Amino acid sequence: MNKMKKYIAIALLTGAFFTSCGEYNKIMKSADYDYKYEAAKSYFGDGQYTKAATILEELIPILKGTDQAQESLYMLAMAYYNQGDYITASHYFSTYYNTYPNGTYTELARFHSGKALFLDTPEPKLDQSSTYTAISELQMFMEYFPDSKRKTDAQIMMFNLQDKLVMKEYLSAKLYYDLGTYTGNSSMTADGQINGNNFQACITTAQNILKDYPYTSMREDISILLLRAKYKLGSESVLEKKEERMREAIDEYYAFKNEFPESKYMKEVEDIYKDASKYVKELNE
């Protein structure tokens, strides 16, 4: 009996499948565009976005200039968005708001175009060209709709994207720091000291991050990296540059301590200060 029930259930499901496929094929072959449009809306409402998009792709040129034109284009963009095809979705959202700058769905189209690009951005270590594009799109949304109830969501996405750019630059700065000193025929002075290193590149990169993104949530981590790099640059410098660079590390110590008096890095910071101060003091005794 259980086997029989199982076979009946399978038969019913198979029949429903073929009925569904048959209906879809019938829709695709139909020349009744109103029928097709209603079918596309039905598929969209049921979450069958691939079928909805396929039908709408055919209908968009035909419906141009009709009462259904705006809705069909916006629905097509949302169908791709809901499938996770964010690049195609953003393309159709932008097509919508460029075609209908004062349209019924223009605010939503601009917002979702930016959000689609936001969702498509890669992890920080990869190329961030698409992140800049997403930021630009979200900025445009806020310029066009400054009073939108979605403004806060757009701002949060922009902050997240900026943090991604900061992380990208931070990873570059940290890489310079981790590479440290290097040796070679031209990197040794007469007294045998190493004078080639990547710490200056780390310093420059870290300073640029703090300048370009002064309110980043990573400010403390970038600042400690900057202090470390200045200290290491001083430590690895040739004798004639060592005192000057150690003093720069001491200045950076004071800047860090003033900004982050309760920092989790404070023990390390104090150790750097003590060592740099000791060197400068001994040099001037």
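Residues numbered from 1 in each chain as written. Predicted model: local features only at pLDDT ≥ 70, side-chain atom pairs only at ≥ 80, totals over all residues. Heavy atoms only, no water.

### Here we look at the overall build of the protein chain
When its secondary structure is counted, the protein chain shows 12 helices and zero strands. Written out in order from the N terminus, the α and β elements of the protein chain read α-α-α-α-α-α-α-α-α-α-α-α. Residues counted as buried form 38% of the 285 residues belonging to the protein chain. Accessible area for the protein chain stands at about 16500 Å²; split by element, carbon and sulfur atoms hold 52% of it. (Helix = DSSP H or I, 4+ residues; strand = E, 2+ residues; numbered from the N terminus. Buried < 20%, exposed > 50% of the residue type's maximum accessible area, 1.4 Å probe, protein only. Areas by Shrake-Rupley, 256 points an atom, 1.4 Å probe, with all protein chains shown as cover.)

### A word on helix α11 (residues 239–259)
Between its terminal C-alpha atoms α11 stretches 31 Å, which fits the 30 Å expected from 21 residues at 1.5 Å a residue. Tucked into the core, α11 has its buried residues touching α10 (219–235) and α12 (266–283). (Expected span 1.5 Å × (residues − 1). Contact = heavy atoms within 4.5 Å.)

### Describing the packing of α11 against α12
Remark: α11 packs on α12, axes separated minimally by 9 Å, with the N-to-C direction vectors making an angle of 145 degrees. For the pair α11 and α12, the sense of crossing is left-handed. Between α11, through Leu 239, Lys 242, Glu 243, Met 246, Arg 247, Ile 250, Tyr 253, Tyr 254, Phe 256 and Lys 257, and α12, the contact on the second element is made entirely by Met 266, Val 269, Glu 270, Tyr 273, Ala 276, Ser 277, Tyr 279, Val 280 and Leu 283. The class makeup of the residues in the contact of α11 with α12 is 13 nonpolar, one polar and five charged. (Axes fitted to C-alpha atoms, helices over the stretch in contact; angles between N-to-C directions. Left-handed = near helix turned anticlockwise from the far one by under 90°. Nonpolar A, V, L, I, M, F, W, Y, C, P; charged D, E, K, R; others polar.)

### Describing the environment of Val 280
Residue placement: Val 280 occurs in helix α12. Between the C-alpha atom of Val 280 and that of Arg 245, which follows or precedes it by 35 residues, the distance is 10.0 Å. In contact with Val 280, other than residues within four places in its own chain, are Glu 243, Met 246, Arg 247 and Ile 250.

### Comments concerning the pattern of salt bridges
Under the definition given, this model contains 11 salt bridges. When the shortest N-O distance is used, the salt bridge between Glu 259 and Arg 219 registers 2.4 Å. Placement of Glu 259 in helix α11 and of Arg 219 in helix α10 is noted, with a sequence separation of 40 residues between them. (Salt bridge = Lys/Arg side-chain N within 4 Å of Asp/Glu carboxyl O.)

### Remarks on the packing of aromatic side chains
In this description, an aromatic ring pair is defined by two values, namely the gap between the centres and the angle between the planes. On inspection of all chains with the given rule, the structure shows 17 aromatic pairs. When the centroid spacing of 6.2 Å and the interplanar angle of 70 degrees are considered together, the rings of Tyr 81 and Phe 93 count as edge-to-face. Pair noted here: Tyr 81 is in helix α4 (residues 69–83) and Phe 93 is in helix α5 (residues 86–99), with a separation of 12 residues, a long-range link. Note on accessibility: Tyr 81 and Phe 93 belong to one class, buried. A centroid spacing of 5.1 Å and a plane angle of 50 degrees characterise the contact between Tyr 96 and Tyr 100, whose relative ring orientation is tilted. An aromatic cluster is defined as three or more aromatic residues linked by ring pairs; in this entry it consists of Tyr 74, Tyr 81, Tyr 86, Phe 93, Tyr 96, Tyr 100 and Tyr 105. Seen from the ring of Tyr 24, Lys 51 lies directly overhead, with NZ or CZ sitting 5.2 Å from the centre. A cation over an aromatic ring shows up here: Arg 110 above the ring of Tyr 97, its NZ or CZ 3.8 Å from the ring centre. (Phe/Tyr/Trp six-rings, centres within 6.5 Å; stacked < 30°, edge-to-face > 60°. Lys NZ or Arg CZ within 6 Å of the ring centre and 35° of its normal.)

### Notes on the environment of Glu 107
Positionally, Glu 107 belongs in helix α6 (residues 106–120). Along the chain, Glu 107 and Arg 150 lie 43 residues apart, while their C-alpha atoms are 9.3 Å from each other. For Glu 107, the contacting residues outside a window of four places in its chain are Phe 141, Phe 145, Ser 148, Lys 149 and Arg 150.

### Some remarks on the packing of helix α9 (residues 199–212) against α10
In the contact formed by α9 and α10, the axes pass within 9 Å of each other and the chain directions differ by 150 degrees. Here α9 lies roughly antiparallel to α10, going by the angle between them. α10 is crossed by α9, and the crossing has left-handed handedness. Contact residues: Phe 199, Gln 200, Cys 202, Ile 203, Ala 206, Gln 207, Ile 209 and Leu 210 in α9; Arg 219, Ile 222, Ser 223, Leu 225, Leu 226, Ala 229, Lys 230, Lys 232 and Leu 233 in α10. For the contact of α9 with α10, a count of residues per class yields 11 nonpolar, three polar and three charged. (Parallel < 35°, antiparallel > 145°, perpendicular 65-115°, else oblique.)

### A closer look at the environment of Ile 87
By the element assignment, Ile 87 lies in helix α5. Once the C-alpha coordinates of Ile 87 and Ser 113 are considered, the two residues, 26 residues apart in sequence, prove to be 8.8 Å apart.

### Quick word on α4
Taking 1.5 Å per residue as the helical rise, α4 with its 15 residues ought to reach 21 Å, and the 22 Å between its terminal C-alpha atoms agrees with that figure. For α4, the buried fraction is high: 11 of the 15 residues fall into the buried class. For α4, the full list of buried residues reads Ala 69, Ser 72, Leu 73, Tyr 74, Met 75, Leu 76, Ala 77, Met 78, Ala 79, Tyr 80 and Tyr 81. Those residues of α4 that are buried lie in contact with α2 (33–45), α3 (49–63), α5 and α6. One or two residues past the end of α4 sits Gly 84, with phi positive at roughly 90 degrees.

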